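Results of the structural survey
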Amino acid sequence: MYLGAAPGVGKTYAMLGEAHRRRARGTDVVVGLVETHGRAATITQIGDLEVVPRRVVSHRDVELTELDVEAVLARDPQVVLVDELAHTNAPGSHHRKRWQDVQDLLAAGIDVVTTVNVQHLESLTADVEAITGVRQRETVPDQVVRDADQIQLVDLSPQALRRRLAHGNVYRAEQIDASLSSYFRTGNLTALRELALLWLADRVDDALTRYRADHAISGTWPARERIVVAVTGGPEGETLLRRGARIAQRAAGSELVAVHVLATDGLPSAPPAAIAASRELVESLGGTFHTVVGEDVASAVVDFAQGVNATMIVVGVSRHSRWREALLGSSSAEIARLAGTIDVHLVTHEKARAGRLLRGRWSALSRPRRTAGWVLAFVVPAVLTGVFWLLRDVVSLSTELMLFLAGSVGVALVGGLWPAVAAAVVSFLCLNWFFTPPTGFLTVQDPENLLALLVFVLVAAAVASVVDLAARRTAQAYRARAEASTLAALSRSVLSGEDTAQAIVTRLAETFGLSRVELETRTGERGPWRTVASTGRVEGDVLPAGEGALAAGDRTPAEQDGRTGARSAVGHPGDAQRTELRVDDTHRLSLWGRALPASDRQVLEAFAAQAGLVLEYRRLREQAAQAAVLEEADATRTALLAAVSHDLRTPLASIRTAVDGLASPDVHLDDEDTDALTRTIQDSTGRLEKLIDNLLDLSRLQTGSVRPNLRAASVDEIVPLAIEPYGPGVVRLDVPDDLPLVRTDPGLLERAVANLTSNAVRHSPPGEPVRITASAGPREIELRIVDTGRGLSDESKVRMFEPFQRLGDTTGEGLGLGLAVADGLARAVGASITPEDTPGGGLTMVVTVPREAREDDDVSTDGTGSADSGTHGTSSTSETDEVRG
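So, here's what we can say about the structure.

1. Here we look at empty space enclosed by the protein
By the definition in use, this model includes 2 cavities of 30 Å³ or more. Taken together, A5, A6, V9, L156, S157, P158, L161, L189 and R193 make up the lining of the largest cavity. Of all the secondary structure elements, the ones that give two or more residues to the lining of the largest cavity are α7 (158–166) and α9 (186–214). A per-class count over the lining of the largest cavity returns 7 nonpolar, 1 polar and 1 charged. Roughly 30 Å³ of volume is contained in the second largest cavity. Taken together, A5, V9, L153, V154, D155, L156 and R193 form the lining of the second largest cavity.

2. Observations regarding the packing of helix α15 (residues 367–390) against helix α16 (residues 397–415)
Orientation of α15 relative to α16, taken along the N-to-C sense of each, is 165°, at an axis distance of 8 Å. Judged by the inter-axis angle, α15 sits roughly antiparallel to α16. Every pair of crossing elements has a handedness; the one defined by α15 and α16 is right-handed. Residues R369, R370, A372, G373, L376, A377, V380, P381, L384, T385 and F388 of α15 form the contact with α16, whose participating residues are E400, L403, F404, G407, V411, L413, V414 and G415. Across the contact of α15 with α16, the residue classes break down as 12 nonpolar, 4 polar and 3 charged.

3. Regarding the sheet that holds strand β8 (residues 152–154)
Ordered by their spatial adjacency, 6 strands build an open sheet running β3-β2-β6-β7-β1-β8, and the pairing between neighbours is parallel. Across the chains shown, the open sheet's two edge strands, defined by having one partner strand only, are β3 (50–51) and β8. Taken together, the 4 bridges between strand β2 (residues 29–33) and strand β6 (residues 79–82) define a ladder with parallel strand orientation. Looking across to β6, one finds that V30 is bridged to V80. The strands touched by helix α1 (residues 11–24) are β1 (2–4), β2, β6, β7 (111–117) and β8; relative to β7, the strand with the most contacts, the crossing angle is about 165°.

4. Focus on the packing of aromatic side chains
Each aromatic ring pair is summarised here by two numbers: the centre-to-centre distance and the angle between the ring planes. The tally for this structure, following the rule as stated, stands at 2 aromatic pairs. Note on F388 and F404: the rings are 5.7 Å apart at their centroids and 55° apart in plane angle, and the pair reads as tilted. In this pair, F388 is assigned in helix α15 and F404 in helix α16, connecting sequence segments 16 residues apart. What makes F404 buried here is its relative accessible area of 1%.

5. What about the nonpolar core?
Counting residues in hydrophobic clusters, the biggest one holds 55 residues, and the most contacted among them are V80, L81, L85, L105 and V140. Looking at which element gives the most residues to this core, the answer is α9, with 6 residues. Residue contacts for V80: discarding those within four places in its chain leaves V30, V31, G32, V72, L105, I110, D111, V112 and V113. Ranked by size, the runner-up nonpolar core spans 38 residues in total, among them A754, V770, I785 and L825.

6. Let's talk about the side chain of N188
Mapped onto the secondary structure, N188 falls in helix α9. Residues contacting N188, with those up to four places away along its chain left out, are I131, T132, S182 and Y183.

7. With respect to unusual backbone geometry
The phi dihedral of D76 falls on the positive side, at around 55°, and the residue is not glycine. Relative to the helices and strands, D76 is located in the loop between α3 (69–75) and β6. The exposure class assigned to D76 is partly exposed, which follows from its relative accessible area of 49%. Positive phi, normally seen in glycine, also occurs at E84, with a value near 55°. Within the secondary structure layout, E84 lies in the loop between β6 and α4 (98–107).

8. Comments concerning a nonpolar patch on the surface
Together, V375, V379, V383, V387, W389, L390, L391, V394, W433 and F434 make up a nonpolar patch on the protein surface, roughly 940 Å² of accessible area in all. Only α15 and α17 (417–435) provide two or more residues apiece to the nonpolar patch. Tallying contributions element by element places α15 first for the nonpolar patch, with 6 residues. Its location among the elements puts L391 in the loop between α15 and α16.

9. Describing the side chain of D83
Relative to the helices and strands, D83 is located in the loop between β6 and α4. Lacking a salt bridge, the buried D83 has R98 as its closest oppositely charged neighbour, with an N-O distance of 6.6 Å. With residues near it in sequence (within four places) discarded, D83 still touches T12, M15, L33, V34, E35, R98, T114 and T115.

10. Let's talk about helix α24 (residues 715–722)
When α24 is considered as a whole, its buried residues turn out to be V715, I718, V719, L721 and A722. One side of α24 carries all its buried residues, which in axial view fall inside an arc of 160°. Against the buried residues of α24 lie β18 (711–713), β19 (731–734), β20 (742–744), α25 (746–763), β21 (770–776) and β22 (780–786).

11. Quick word on the sheet that holds strand β9 (residues 226–230)
Within the open sheet, the 5 strands sit side by side as β11-β10-β9-β12-β13. Their pairing is parallel. Strands at the two margins of the open sheet, each flanked by one partner only, are β11 (288–293) and β13 (343–347). When the angles between neighbouring strand axes are averaged without regard to direction, this sheet yields 25°. The pairing of β9 with strand β10 (residues 255–262) spans 5 bridges and is classified as parallel. Looking across to β10, one finds that I227 is bridged to L256. Contacts from helix α11 (residues 272–284) reach β10 and β11 within the one sheet, and its direction differs from that of β11 by about 140°. Its contacts with the sheet put helix α12 (residues 297–307) on β9, β10, β11 and β12 (312–316), and the angle it makes with β10 is roughly 150°.

12. Some words on the pattern of salt bridges
Summed over all chains, the structure comprises 18 salt bridges. Residues E35 and R54 are paired through a salt bridge, measuring 3.7 Å at the closest nitrogen-oxygen approach. Placement of the pair is E35 in the loop between β2 and α2 (40–46) and R54 in the loop between β3 and β4 (55–59), with a sequence separation of 19 residues. Take E35: its relative accessible area is 17%, and that puts it in the buried class. A salt bridge links D823 to R827, with the nearest nitrogen and oxygen atoms 2.9 Å apart. With a gap of 4 residues between them, D823 and R827 both fall in helix α27 (residues 818–828), about one helical turn apart. With relative accessibility at 61%, the residue R827 sits in the exposed group. Connected through shared salt-bridge partners, E18, R21 and R22 make up one network.

13. A few points about α1
With 14 residues, α1 should reach 20 Å at 1.5 Å per residue; the first-to-last C-alpha distance of 20 Å fits that figure. Packing partners of the buried residues in α1 comprise β1, β2, α2, β6, β7 and β8. G26 sits one or two positions beyond α1 and adopts a positive phi of about 95°.

14. Remarks on the pairing of strand β5 (residues 62–66)
Bridge count for β4 against β5 is 5 bridges, and the pairing is antiparallel. Within the sheet, the bridge partner assigned to H59 lies in β5 and is V62. Connecting the antiparallel pair β4 and β5 is a turn made up of 2 residues, with R60 showing a positive phi of about 55°.

15. Thoughts on the pairing of β21
Regular strands have side chains that alternate between both faces of the sheet. Inspection of the sheet shows β19 paired to β21 by 4 bridges, in the parallel sense. Residue pairing in the sheet places R732 in a bridge with R771 of β21. Two elements, β21 and β22, share 6 bridges in a ladder whose sense is antiparallel. When the bridges of β22 are listed, I772 appears paired with I785. Hairpin connection from β21 to β22: 3 residues lie between these consecutive antiparallel strands.

16. Some thoughts on the environment of D660
As for its position among the elements, D660 is in helix α22 (residues 649–663). Separated by 17 residues in sequence, D660 and L677 have C-alpha atoms that sit 9.8 Å apart.

17. A few points about the packing of α24 against α25
The description of two packed helices rests on the angle between their axes and on the distance between the axes. For the pair α24 and α25, interaxial distance at closest approach is 8 Å and the crossing angle is 50°. As summarised for this structure, α24 and α25 are arranged oblique, according to the angle between their axes. Considering only the axes of α24 and α25, their crossing is right-handed. Across the interface between the two elements, I718, L721 and A722 from α24 touch P746, L749, E750, V753 and A754 from α25.

Calculation notes
- Residues numbered from 1 in each chain as written.
- Predicted model: local features only at pLDDT ≥ 70, side-chain atom pairs only at ≥ 80, totals over all residues.
- Heavy atoms only, no water.
- 1 Å grid on protein atoms, 1.4 Å probe; cavity = no way out; pocket = protein on both sides within 12 Å on 5 of 7 lines; lining within 4 Å.
- Points joined across faces, edges and corners; volume = space filled by probe spheres on them.
- Helix = DSSP H or I, 4+ residues; strand = E, 2+ residues; numbered from the N terminus.
- Nonpolar A, V, L, I, M, F, W, Y, C, P; charged D, E, K, R; others polar.
- Axes fitted to C-alpha atoms, helices over the stretch in contact; angles between N-to-C directions.
- Parallel < 35°, antiparallel > 145°, perpendicular 65-115°, else oblique.
- Left-handed = near helix turned anticlockwise from the far one by under 90°.
- Contact = heavy atoms within 4.5 Å.
- Pairing = 2+ DSSP bridges.
- Phe/Tyr/Trp six-rings, centres within 6.5 Å; stacked < 30°, edge-to-face > 60°.
- Buried < 20%, exposed > 50% of the residue type's maximum accessible area, 1.4 Å probe, protein only.
- Core = buried A, V, L, I, M, F, W, Y, C linked by side-chain atoms within 4.5 Å.
- Patch = residues over 30% accessible without salt bridge, like charges linked within 9 Å, V, L, I, M, F, W, Y side chains within 5 Å.
- Areas by Shrake-Rupley, 256 points an atom, 1.4 Å probe, with all protein chains shown as cover.
- Salt bridge = Lys/Arg side-chain N within 4 Å of Asp/Glu carboxyl O.
- Lys, Arg positive; Asp, Glu negative; His and termini not counted.
- Arc of directions from axis to C-beta.
- Expected span 1.5 Å × (residues − 1).

Right, here's the structure in full:
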């Protein structure tokens, strides 16, 4: 693969030179396709190489030539030259792209030498467009280029390429000036050259990584600056990342990598919000963030750095105090010791050597257990001392030591670390005073007894520490599992598309036992706050309708669960402690209830981040819905304009011609001609009236302004009015007069049936009448409008009720609105229209109308009159217009 930064750098010339070298070594080489572009040097370079004839393709009366893959396969050389890998083949070719032809040649065992420019790489098209302002339409997937056995960069400085272009060695003379002033500007060529160099450097780096892995090379090869920043999640993280970014910027092509070590037990060692902030920062700095699991932090960081072939590790000065660092060591010093050939950059910060507060060192056990532990810390030694004093002549000191130790272990199991330490100290004093010679003194005569007492205290303290640590880890594990379950449930609600704003506040109240949670928003950074979702209602608040606010007196989820300390949501906000958590500049969470510890606030920050995603998702969803409505309206408007321009023009032109003929003083018409022109005016006026009625009805239906006036009516009175314009030879009616009454708006249903009948008449063969039948079901009346025309396919039936559809209509009359209006009117009155195939050919429209619940003849509902009232009157109004039968 010969890779170039721009046309004209010499890729084709270099490829032909490679072909001559291979042929000189005895390799069977042919030219499959070489684009010379009329360049004399390239044509000369082909020389006596064997050229496979191209395949000729005719397209739009133009003959095009393409690579003849079948001819190359039949020739079966060892190597074939194929120029311009990203080329798009002419229509009618076996493959759309030339690189697909190359893959066929490779699959047949033929080696291929080819060329490609960096601007044609699919991953770089956006960058190239930003640089040059030209969108590349011919691209090749990056993976196709990466799969090449060898990639050779054909490099040429921008100045040399511009001279080559100016000398006429790239394009024809008439194209030189335009090319030099546009695509081939020095800045463009420099940027494209850098893109090519960097892309190839990445491929070389991948090859180096594979080579080191294949040969088990663990040492660092400093072929490229790669800075690894060790992030703990502490306050120094931002300082370290920015320092690492500055170091990476000193050398072009350097890479910034951040790593955070997670303990092997899976429990977080830093607040999730701090880790998320570090990830966001490093990505904004152009780096990548990685999380690894390791037993030892220093070893995990060094192993990761060696794995990515890093040249430097950036770590912060320990936050531990000097005495603690002297006793326990520091991760930064251990990283420096293990780093080997990797440089370690130690960065100071504000928290360096500041020491770390022992937060949360009290036992994770419950308060009753700790209280019982402190009581037992004094009761157990006292009881054992009394028992052993009575049995002092029977029990030896070793037995007393073991039982006192068992008592201390028991206190540890109940109360944790500090009660157990107290029990051990009290037991030590009791053993020393009462049972260790000389008794009555805090001295020990036998050194062996002193050793036994010291071991006793150490074992008791160690066991108590282990018990306390296990309890702490258990509590953390339960909490982590609960938090993960809560966040997972919230994420599922986001993916499922439910009202996630309400889900957030509800889950917050349930999870943390809060009396009330509000999600508020505002317009701009200084606008008033407005509640969009809430779990309760505070006196004086007015929540927007439909946002899930509970009525006054309703219990919150915390109260329903019976949690202690949860206050009623009804009352003044000052009755409970309020916590405010900012989601972003325009959203915040307000929480009423108990005071939340710092550990809870960490999870709240995760909830806040999730709330931000939820609100953004909902905003995008609303925008998508609005865009869909606008798109549909725009499509309707476009189709309407296109259709109206023709369908209204035709009847208007007929009317104008007829009127001019009747009014012209120079034309003398007999009675027959006058009648013909008058009928033309009448017919065209009727067509115009029908078109305008359909347009008005469609607009009313789309805006929801049609309000049906439902009442009992008789089908045998509605249908005849709908088919009045047609004679008995056009429409054949078969509607029994004893059918039950239906509940509908007679005027709207009549209009729907009229539109369906008009559609059926238009598609029926000449001389074949449309049949309309009616039958009664248990809950509905079915009207069947049957034609014997061409019918419709199942696919056409799906979209036949969309506006501006003329399915199978060759008359050119109408806007294709009749069925859309009929369907909308039917839905408005509670009816439905279902298309079916007519046996023997044609289409049957089945109109299903619900029956009236009361089946007596004297029907009057809602004061609208009896069923036998006329249907020509106004039965439904839409704002101010009247829909007439």
